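# Structural features, examined
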Amino acid sequence: MSRVLVPLAEGFEEIEAINIIDVLRRGDIEVLIASLNAQAAVRGAHNVTVMAEMIISDVDVSSLDMIVLPGGWGGTVALRDDANVQRILKEMDAKGKNIGAICAAPLALHTAGVLKHNYTCYPTIEEQIREDGFSDSDMVVTDGNVMTSRGPATAICFGLQIVKKLKGEQKYSEVKSALLASYCD
């Protein structure tokens, strides 16, 4: 079974995190939800609290197929500044493992030096990353082992693209159909 790490930091964007976790689990992908510290209850940007299942420092990178960072400005800044998250991103990239980020979170990938040339993110965040290679027309952009997406409204499509990458076209089509997500391509 494929295994994906979703680290949550205070101020994460709830729509993105929950949609990604839900879509991946529907696609028969094991999702590990990690907090950045010993506090299991992580509060999102809109005061929705999610319980993490583990602490980021306990993550075994060798057991992961992918890491996916949800956005939200407060969460993104915390992910960008967290030594464990940055270490995991660099280690996964060095091993050619899959990396994903949505909304503002590509900024954390940029800080780690793992963001590839072509990417997308929430509008205006590209100004803090770089405008070269930025796309504002695609919901999801994949470049090498890195997949990025725009924001809350693209989270289901982003999750589906991760399912396609890790589980193949058939599982992607099954989950997409069950979600009535015909707008995702």
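Provided above is the structure to which this section pertains.
None of these values were measured; they are calculated from a predicted model.

In this structure, Lys 97 sits in the loop between α3 (83–94) and β7 (98–102). Taking the C-alpha atoms as reference points, Lys 97 and Ala 52, 45 residues apart in sequence, are found 23 Å from one another. In this structure, Lys 97 is in contact with Val 61, Ser 62, Ser 63, Leu 64, Asp 65, Met 92 and Asn 145, ignoring residues within four places of it in sequence.

Quick look at the nonpolar core now. Of all hydrophobic cores here, the largest spans 32 residues; its most connected members are Leu 5, Leu 69, Leu 89 and Leu 109. Looking at this core, the elements with two or more residues in it are β2 (30–35), β6 (66–69), α3, β7 and α4 (106–112). The contacts of Leu 69, once residues within four sequence positions are left out, are Pro 7, Leu 79, Val 85, Leu 89, Gly 100, Ala 101, Ile 102, Ala 105, Ala 108 and Leu 109. Ile 20, Ile 21, Ile 29 and Ile 162 belong to the second-largest nonpolar core, a separate cluster that totals 31 residues.

With that settled, the discussion passes to the side chain of Glu 13. Mapping Glu 13 onto the fold places it in the loop between β1 (3–8) and α1 (14–26). Leave out the neighbours within four places in its chain, and Glu 13 touches His 46, Pro 70, Gly 71, Gly 72 and Pro 152.

Going through the model one piece at a time under the given rule, you end up with one disulfide. Here Cys 157 is linked by a disulfide to Cys 184, with a sulfur-sulfur distance of 1.9 Å. In this structure, the disulfide formed by Cys 157 and Cys 184 twists by about -75° around the S-S bond and is classed as left-handed. You can see Cys 157 sitting in helix α6 (residues 155–167) and its partner Cys 184 sitting in the segment after α7 (169–179), a full 27 residues away along the chain. Just as Cys 157 is buried, Cys 184 falls in that class too.

Rules used in this analysis
- Residues numbered from 1 in each chain as written.
- Predicted model: local features only at pLDDT ≥ 70, side-chain atom pairs only at ≥ 80, totals over all residues.
- Heavy atoms only, no water.
- Helix = DSSP H or I, 4+ residues; strand = E, 2+ residues; numbered from the N terminus.
- Contact = heavy atoms within 4.5 Å.
- Core = buried A, V, L, I, M, F, W, Y, C linked by side-chain atoms within 4.5 Å.
- Buried < 20%, exposed > 50% of the residue type's maximum accessible area, 1.4 Å probe, protein only.
- Disulfide = S-S within 2.5 Å.

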